[in-house]
Structures are given as structure tokens and as C-alpha cells.
Amino acid sequence: MIRIDRSRLAFEYELTLGHFGLPHIDGVEPEVRKIEKGGIAGMTATIPGRRVALIAYHGWDNIEVRSHVDRNAEASESTVLYVQKKRLQKNLPMELIIAIFVIDCHR
């Protein structure tokens, strides 16, 4: 999925956009890898049978990973990839922000 948003907010803001969470099956966390190529940052997370990728293609400040508790139907712990953007100035011109989400399930 490619998500393209126009940011035209006239005030200070912080945006966070996350991917699907991968469960920690039997307490095992996903293997997470950060990738950067040509100034574009991406991240993958893999568990047996499932893999997700998130690419901060344009306009995002950073890409991160976080573990959560009690937010996944399959396991008590899960890992989420997400992008962030923070603006502390007011009345900035319109910006495009683009993120790419990939899901690969092969059960």
C-alpha cells in the first residue's frame, strides 16, 4: 500500500503512522532490520510465516520500532514499525508525506 498525504496544518503538530503489529509468538520477538538507500529509510520485521516492511519514502522525519503489551489478538506482546513527523513552526507551506507499507504472509 502506498499512502500519500498532504500536510497543510497551520499549527504545530506531530504525526505518527504505524504498520500492523507482529505478535511475539511463544515470547520470541520479530527480527527487525533497518535499511537505508539513496536517502530513503526503511525497516522490516519478520516472524515465521509473516513479514512486514515500512518505507519512509518522502517527508517523514524518522522511522522507528516499538514493542507493545496487550495490543495484539495473537500474543500479549507485539512489535510495531512506525514513521513520525514533527513540526514546531506555524503556517508552513503544504508538504507531501509518502509512506509505503508491505505485508507478506505465507502460512
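Whatever comes next refers back to the structure up there.
Just so you know, these numbers come straight off a predicted model, no measurement behind them.

### Side note on a nonpolar patch on the surface
Next, step 1: A surface patch of nonpolar side chains, amounting to about 400 Å² of accessible area, comprises Ile2, Ile4, Met94 and Leu96.
Next, step 2: When you line up the elements, isoleucine 2 lands in strand β1 (residues 2-7).

### A look at the sheet that holds strand β5 (residues 40-47)
Next, step 1: Taken together, the five strands give an open sheet; going across it, the order is β1-β9-β6-β5-β4, and neighbouring strands pair in antiparallel fashion. Because the sheet does not close on itself, it has two edges, and the strands there are β1 and β4 (31-37). Geometrically, the sheet is characterised by an average inter-axis angle of 15° between neighbouring strands, direction not taken into account.
Next, step 2: Bridge analysis of β1 against strand β9 (residues 95-105) gives six bridges, and the strand direction is antiparallel. Looking across to β9, one finds that isoleucine 2 is bridged to isoleucine 100.

### Section: the pattern of salt bridges
Next, step 1: Applying the stated criterion across every chain yields a total of six salt bridges.
Next, step 2: Aspartate 104 is paired through a salt bridge with arginine 51; the nearest N and O atoms lie 2.3 Å apart. Here aspartate 104 is found in strand β9, whereas its partner arginine 51 is found in strand β6 (residues 50-58), with 53 residues between them in sequence.
Next, step 3: Residue arginine 51 is classed as partly exposed on the basis of its relative accessible area of 41%.
Next, step 4: The salt bridge partner of arginine 87 is glutamate 95, with a shortest N-O separation of 3.5 Å.
Next, step 5: For arginine 87, a relative accessible area of 17% puts it in the buried group.
Next, step 6: Connected via shared salt-bridge partners are Asp61, Lys85, Arg87 and Glu95.

### Some thoughts on the pairing of strand β8 (residues 77-87)
Next, step 1: The element β8 is extensively covered by neighbouring structure, given that nine of its 11 residues are classed as buried.
Next, step 2: For strand β3 (residues 22-23) and β8, the ladder comprises two bridges, and the chain directions are antiparallel. Note that in β8 the partner of proline 23 across the bridge is serine 78.
Next, step 3: Strand direction decides the pairing type here: strand β7 (residues 62-69) and β8, joined by eight bridges, are antiparallel. What sits directly across from arginine 66, in β8, is valine 80.

About the criteria used
Residues numbered from 1 in each chain as written. Predicted model: local features only at pLDDT ≥ 70, side-chain atom pairs only at ≥ 80, totals over all residues. Heavy atoms only, no water. Patch = residues over 30% accessible without salt bridge, like charges linked within 9 Å, V, L, I, M, F, W, Y side chains within 5 Å. Areas by Shrake-Rupley, 256 points an atom, 1.4 Å probe, with all protein chains shown as cover. Salt bridge = Lys/Arg side-chain N within 4 Å of Asp/Glu carboxyl O. Helix = DSSP H or I, 4+ residues; strand = E, 2+ residues; numbered from the N terminus. Pairing = 2+ DSSP bridges. Axes fitted to C-alpha atoms, helices over the stretch in contact; angles between N-to-C directions. Buried < 20%, exposed > 50% of the residue type's maximum accessible area, 1.4 Å probe, protein only.

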